[in-house]
Amino acid sequence: MNFTLSIILTAVPLLLITLGALISEYAGRLAMFMEAVINLGAFFCFVFSVKLNSIILGIILSVMICTLIVFLLDLISTKLNASVFLISIAINLLLSAMTSFLSARIFGTRGVLYDQNFIFTQGNAKIISAIFCGIASFGILFMLYFTRTGLKIRITGSDSDVLASQGNNVLIYRHLAWIIASSSGALAGCAYAMRISSFVPGMSGGRGWTALAAVFLGRKNPIAVIGAVLVFSLAEYTSSYIQNVSIFENIPSSVLLAFPYIISLLLILIIPQKKTLEEK
């Protein structure tokens, strides 16, 4: 598998997560729960695929259930006028605990889960998962920039008064933003579970937070956001590759695995500073 293809296959699920986070940012309520949704989506995908002996049903049910949970919690928090930021963090904590609890109840362990009914060829799994994540990403981009619904979502956070003045219910688009974000995270979680033919606790590996960083670095510009995703994917691929290079064999693997997050931190620190200097 050549270098370019490897980067693309690494980038596509992360792009889907990032676009979900981008929609939530457009709506003025950044989805801080992406990390936990990815893990819960991967867990449900494994559970239903094994129990029903169908990966397709596993993916569909996983996405539906994760989305329904987030939507119901969103409705409850709206009724109670809770802080959007705090409820988003609370959902992240709740979903993380739910994944651990259900794993212990169903399989008797909070560790790695694997089954003969959930085994895929690594190369094929990467390509197939990249295809359905890519289709979903294209669908989100098309909806955002070529439909009236997408236009309304994009101005929900910045110009909600304009929407309301035209007779639109702003809450509908805020709920829709989190529905799309949670669906994106769950679908990406299914992709990651397929790629390793198992469920591993914390298998999101910080990609939910990386997606939020990409939205922040891209300043809600889709081209810039995609560029940030490619940079992070390159860093992730590099961190995996250099572990097999002899010159880095004395460096702890934990340091090498942290390479993508070191890159994201450096970009977050540097890019805003450059923007400020240019504006001056």
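Residues numbered from 1 in each chain as written. Predicted model: local features only at pLDDT ≥ 70, side-chain atom pairs only at ≥ 80, totals over all residues. Heavy atoms only, no water.

**Student:** Mind showing me how you'd approach the environment of A193 here?
**Tutor:** Examined against the element boundaries, A193 turns out to sit in helix α8 (residues 170–196). Judged by relative accessible area, A193 falls into the buried class, the value being 0%. Counting along the chain gives 74 residues from A193 to I119, while the straight-line C-alpha distance between them is 9.9 Å. Among all residues touching A193, those that are not within four sequence positions of it are A42, F118, S198 and M203. (Helix = DSSP H or I, 4+ residues; strand = E, 2+ residues; numbered from the N terminus. Buried < 20%, exposed > 50% of the residue type's maximum accessible area, 1.4 Å probe, protein only. Contact = heavy atoms within 4.5 Å.)

**Student:** Whenever I open this one, the packing of helix α1 (residues 3–26) against α8 confuses me. Can you help?
**Tutor:** Helices that pack against each other are described as a pair by the angle of their axes relative to one another and the distance between those axes. Viewed as axis vectors pointing N to C, α1 and α8 meet at an angle of 165 degrees, and their least axial separation amounts to 7 Å. Put simply, α1 runs roughly antiparallel to α8. Two packed elements cross with a definite hand, and for α1 against α8 that hand is left-handed. Along the contact surface, α1 presents L9, T10, P13, L14, L16, I17, G20, I23 and S24, while α8 presents A177, W178, I180, A181, S184, L187, A188, Y192 and R195. Class assignment for the residues of the contact of α1 with α8 results in 13 nonpolar, four polar and one charged. (Axes fitted to C-alpha atoms, helices over the stretch in contact; angles between N-to-C directions. Parallel < 35°, antiparallel > 145°, perpendicular 65-115°, else oblique. Left-handed = near helix turned anticlockwise from the far one by under 90°. Nonpolar A, V, L, I, M, F, W, Y, C, P; charged D, E, K, R; others polar.)

**Student:** Explain the environment of D74 to me, please; I cannot follow it from the model alone.
**Tutor:** By secondary structure assignment, the location of D74 is in helix α3 (residues 55–79). On the basis of relative accessible area, D74 is assigned to the buried category, the value being 0%. Between the alpha carbons of D74 and S88 there is a distance of 8.6 Å; along the sequence they are 14 residues apart. In this structure, D74 is in contact with R29, R174, H175 and W178, ignoring residues within four places of it in sequence. Only 2.8 Å separates the side chain of D74 from the side chain of H175, close enough to count as a polar contact. (Polar contact = N/O pair within 3.5 Å; in protein donor to acceptor, adjacent residues only side chain to side chain.)

**Student:** How should I be thinking about the side chain of S198 in this particular structure?
**Tutor:** Along the chain, S198 turns up in the loop between α8 and α9 (207–218). Judged by its relative accessible area of 8%, S198 is buried. Leaving out residues up to four positions away in the same chain, S198 has contacts with F46, L113, Y114, F118, A193 and M203.

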